[in-house]
Amino acid sequence: MSICISADKILYNFLASKSDVETSFNRVPDQAVKCGFGMQGVCCRLCSNGPCRITPKSPRGVCGATPDTMVARNFLRAVAAGAACYLHIVENAAVSLGEIGRGNSDLPLKGVSLLNELAGRLGTTGSTEEEKAVNLSNMVLADLYRPRSEKMRLVKKLAYGPRYEKWAGLGILPGGAKSEVFDALVKSGTNLSSDPADMLLHSLRLGIATGLYGLAMTNRINDIIWGEPEIRLAKAGFGVVDPDYINIMVTGHQQSLIGILQDTLSSPAAESIAEASGAKGFKIVGSTCVGQDMQLRGAHCGDVFAGHTGNNFTSEALIATGAIDLVVSEFNCTLPGIETVCDQMHVPQFCLDDVSKKQNAEYLPFNLKDRHIIAGKIIGAGAESYAARRKKIAIDVPVHGYDDVLTGLSEKTLKNFLGGSYKPLIDLIVAGKIKGIAAVVGCSNLAAGGHDVFTVGMTRELIKRDIIILSAGCTSGALENVGLMSPSAAEQAGPNLKEICRQMGIPPVLNFGPCLAIGRLEETAADIAAELGVDLPQLPLVLSAPQWLEEQALADGAFGLALGLSLHLAIPPFITGSETVTRVLTADLEQLTGGRVIVDGDIISTVNQLEAVINAKRSGLGL
Amino acid sequence: MMMKRIFIKPELCEGCKNCQVACLAEHSPSRSVWFVNLSDQSSQPRNYVELNNEGRPVPLSCRQCDEPECVSACVSGALQRDPATCLVVHNQKQCAGCWMCVMSCPYGMILPDARESKIAVKCDFCADRGTPRCVEACPTGAISLIEAPSPDTDGEYYVLTGGEQQ
Amino acid sequence: MKYLILGASAAGLSAAGAIRRHDPRGEITVLSRDSQIYSRCLLPDVLAGKRGAASTCFITEDFMQKNRLNWAAGSIAARLLPEEKAVVADNGDKLYYDKLLIATGASSILPPVENIRRGRQIYGLRNLDDVSAIAGAAENCLQAVIMGGGLVGVDAAAALNEKGLSVTVVEVADRILSLQLDQKAAGRYEALFRDRGIEIITGEMVSKIVLDKKENVAGVQLKGGRLIPCGLVVAATGVKPDISFLEGTAVEVGRGIRVNEYQETSYPDIYAAGDVCESMETFTGKITTTPIWSLAVMQGKIAGTNMAGVRRKAAGNFAYKNSMTFFGLAAVSFGLPEAPDSSYETYILERAGSYEKIIIKDGRLKGAILQGDISRAGVLGALIREDYPVKVAPDKLFDLNYACFFRELENGEFTYQDEALTSK
């Protein structure tokens, strides 16, 4: 039986050699036959008259819903679900920040300078850092919990000025974020809204709430709690796994939860427990975005963080190495597929947030106050698991990954790296040495040519054309594991970009970390735009989520469209059954926000299109 | 000689109509299931999913009969049985839109075109592909491909159905 | 073995192909008046200018060559000498045979109307020559009268209307297409024709053709007295089998040449197929002519197969079916257009521009008319032809489709079988 291919050859060979382990890669061929109605978004199963599907002979649902209505409803529901995910994350992060501020935890705040800076920007009161933390937490939570009739108050202070004006003009400033999600579900219900335009505008509001709060604010809060990113070189890939340690694999998106393991697992008490089991100690093995987050803040994690191994679809393989002794998850990109592999490899699972509760996982309800108890249970279970399973399970960690992945890039570190201003980068763009910027973001899927195939192929082609890449999301896991985030990747870039990378000692693909860092890319773009005195849509910057996977990615995408960016997707977001929705998203929207969706499943044609957008924006700026 | 023929196992059909979407896609400009216009009422699938008396879906498409009545009925010569593939081939340019074939197919597998109702439209077995799209698109195996013995009609123009050979 | 086939249309060429399939070495000669192969059914399209004469050819280019047929075009049989096993052609040639197929078809008949044989612009619509003649006459006049509102007449009317002539159809029955359609369906066509400017006169007949001094057609006079000026008359009042060359022979002839289910005539080694013959018709159970293209093909094939020594019976000799399309409105009819008496049940459904009617007796379909949406036609036709019992509620009748009768052979072909048909 053939398995899905991957741009990561070593990973592919590893999985191909594991004929006794079933992963997502094995299931791809069996799911190769797709439902055409689902693909086009014209299957409606909102009510018992359905499922209704659109064909030339049945152009409307039983209720009279047109394909436009069906697609818009399905799309809005997906965006709302994705927004809900990120809003859940920022809510938890804000709660943790408040708890620390109130002294309900012994955790220190590692990013106080950012806290003070942010407090100044947002007008957060407080005479002490603790008070500011509490007040900032309250401000964020208050906005999230507002009714939809009340606009969120921080939007104006968080958004790039010209964008805020644009959104106000379009009437898409979001009300309370959770209420926006709530009402999106209401209006996309049976026999409620039939208006595709209204539902698409609602999607943009959800996108703004997602971007400014779910993404950017989560980053800031995590930076305040766990420390701000610092640029450094790090190991990445399966090579970070040392079988001599008790390896605790983490999956999810919430460092605000997982972070509690950082100091406890490296405590002398934990070390002695580990040694008693015959291990050298504990290691946190990063997988999926939370691993990417810890890599980004790796300067503050200490040795207990082994490093980041890879993206969502490498997680099953990681467990299959046999070197993982325990899985702790707190959010999505915790594939159901890991459960069978965990069972096979005798790996117990723990869950810190019931939104990602796996059937066989033990749920440890998260509470910052109980962090030592929770960590203690995990330490105990890890040691027990190590002792019990290592005798039975063969360990096979492939030689995989890179030791020199440049990490720690953020809106601030990049600017500092450039000397405190984006002017040097702008000068390179003006001089044509760098043609433009492509933000390659989002997930990985096993669809667009295979695992990471489109992402890696497109990125290689973009850098050849002197377009610099900023990556955030599972794309980072993909690109670091094929070496594109190591300085030596400069050799694969076009002549101009290669020269710049060599001079600066950087790769042509800059690693901003997890998908949450899409918020950092927005801030980076806003800084550059501010320096130039233009609005975001004028920048020679494109956004691509080539291998977008799920609803969260669509919420991110909605943010990108609200920002006025051209957003490429290799696979259509289940909208092509509606002429109206497709036209609005791929064309008409440009007149409103400046953004639009580009759907293209071919790498070269995509890069041609993205380059054309960059060139057009360059000419718009007189370059 | 042996020919390829679509075989139906109706008990496996879930009525998903994916075979129809695949057929629409194959006969659309993009050939893509992502991009075929499903709302275009001037297009039509050449296969059908109909309910039987028990309300169960049955996928149906042209059988490429050994002795196709549509070919016997065709007054223009647009319908021919290709001796090389044993497929019933319809030449749309030659078609007169007289509906003799529509009237004559006992199974209702050839119909007027939805665009203008000027020519007949039938399954072309996705002629330039090895396997018809509907077969590939069926998630349950209700539509599959078999090899079947078929009379070699080379040198013979007409064929018919029904008569018993003695 | 020497085979002789008289006629090079559907039945004749179908037979030729069948003979060649079963007898690779026999010598096959085809004698025909036409020196061009064309489909009679497409003549109205040629007349209307929608199709060139060349593209009415219904066989592949290499058909004659591939089947190694000697085609003697341009002459017809003048006399049959069955004892000598020979046919004398009108050019004097004497052609010998071991097996003979008569597939000479039929010709238009001119009704007994004053001046009809004298007038110059009076034509049937049966051959390519007729088309050229009508087209030529149409160049020189503005008005045409069609005698007969059957399929041929209505076809001619539509074609001449499309050529820009002012057309009048005179039909003796109370409606056009009375053999194929009921009042309602015919009425919809009549309305469509009138919208296009075609005059339809029913319940009337032409009593006299009015000629000028040079015997050119100047008009027609109706029985009721009305005078309709015109420069062209198309006579579409029926056809008769071309059997005059059989006079004096022992070949049994009724309205056409009588044949059995092997397409054999009463005389050994002589077969007949197509419009020229009469046979046991499935729907009526009576001996009738069966002037339907698909039956000519079927009968030709059966005749050829038997001539080549392989015994095979004709099947599905069902002549009560018609398909048509005029000005974009399609219709198919089978069996009875109207219920003859109260032992029949009639069900009618009108939806979105379509008119559908089904006539049932004792749980079996006896007639169906579909006008507009004809997509269910094939299945209804099969049910009527095969006289299958259809036990479904009346409201399901119009949704009958093959899924209700699905049965598949091992080789993937579909079939109708009784157990599947008597659906619960």
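Residues numbered from 1 in each chain as written. Chains lettered and ligands numbered in written order. Predicted model: local features only at pLDDT ≥ 70, side-chain atom pairs only at ≥ 80, totals over all residues.

Trainee: Would you mind going over the interface of chain B and chain C with me for this structure?
Mentor: Interface size is commonly expressed as the accessible surface area that is lost when the partners come together. Each side of the interface is counted separately: chain B has 50 residues, and chain C has 60 residues. At the level of elements, β1 (2-8), β2 (48-51), β3 (57-60), α2 (69-73), α3 (100-104), β6 (110-112) and β8 (143-149) of chain B are the ones that each hand at least two residues to the side of chain B that touches chain C. Residues belonging to the side of chain B that touches chain C are distributed by class as follows: 27 nonpolar, 16 polar and seven charged. (Contact = placed C-beta atoms within 7 Å. Helix = DSSP H or I, 4+ residues; strand = E, 2+ residues; numbered from the N terminus. Nonpolar A, V, L, I, M, F, W, Y, C, P; charged D, E, K, R; others polar.)

Trainee: For this particular structure, what's the right way to read the sheet that holds strand β6 (residues 94-96) of chain C?
Mentor: Hydrogen bonds along the backbone pair up the strands of a sheet, which may run parallel or antiparallel. Residues and elements named next belong to chain C. Overall, antiparallel pairing links the three strands, which are arranged β4-β5-β6 in an open sheet. With one partner strand each, in any of the chains shown, β4 (77-81) and β6 form the two edges of the open sheet. Between one strand axis and the next, the sheet turns by 25° as a mean value, whatever way the strands run. (Pairing = 2+ DSSP bridges. Axes fitted to C-alpha atoms, helices over the stretch in contact; angles between N-to-C directions.)

Trainee: I would appreciate a short explanation of the environment of S179 of chain A in the present structure.
Mentor: Residue and element names in this part refer to chain A. If you trace the backbone, S179 turns up in helix α9 (residues 177-187). Classification of S179 as buried rests on a count of 20 C-beta atoms within 10 Å. Along the chain, S179 and L144 lie 35 residues apart, while their C-alpha atoms are 7.9 Å from each other. Beyond its immediate chain neighbours, meaning those up to four positions away, S179 contacts R146, P147 and R148. (Buried ≥ 20, exposed ≤ 12 C-beta atoms within 10 Å, placed from the backbone.)

Trainee: Mind showing me how you'd approach the domain arrangement of chain A here?
Mentor: Residue and element names in this part refer to chain A. Under the domain assignment, chain A is made up of domain 1 (62-226), domain 2 (238-389) and domain 3 (405-620). When each unit is reduced to the centre of its C-alpha atoms, the spacing between domain 1 and domain 2 is 29 Å. At the level of secondary structure, the elements contributing two or more residues to the side of domain 1 that touches domain 2 comprise α4 (67-101) and α10 (196-226). The leading source of residues in the side of domain 1 that touches domain 2 is α4, at seven residues. Of the residues assigned to the side of domain 1 that touches domain 2, the class counts are five nonpolar, six polar and two charged. (Domains from an automatic or database assignment.)

Trainee: What exactly am I supposed to notice about the arrangement of the chains here?
Mentor: Inter-chain contacts occur across two pairs of chains; the most extensive set of contacts lies between chains B and C. No interface is formed between chain A and chain C, the nearest pair of C-alpha atoms being 13 Å apart.

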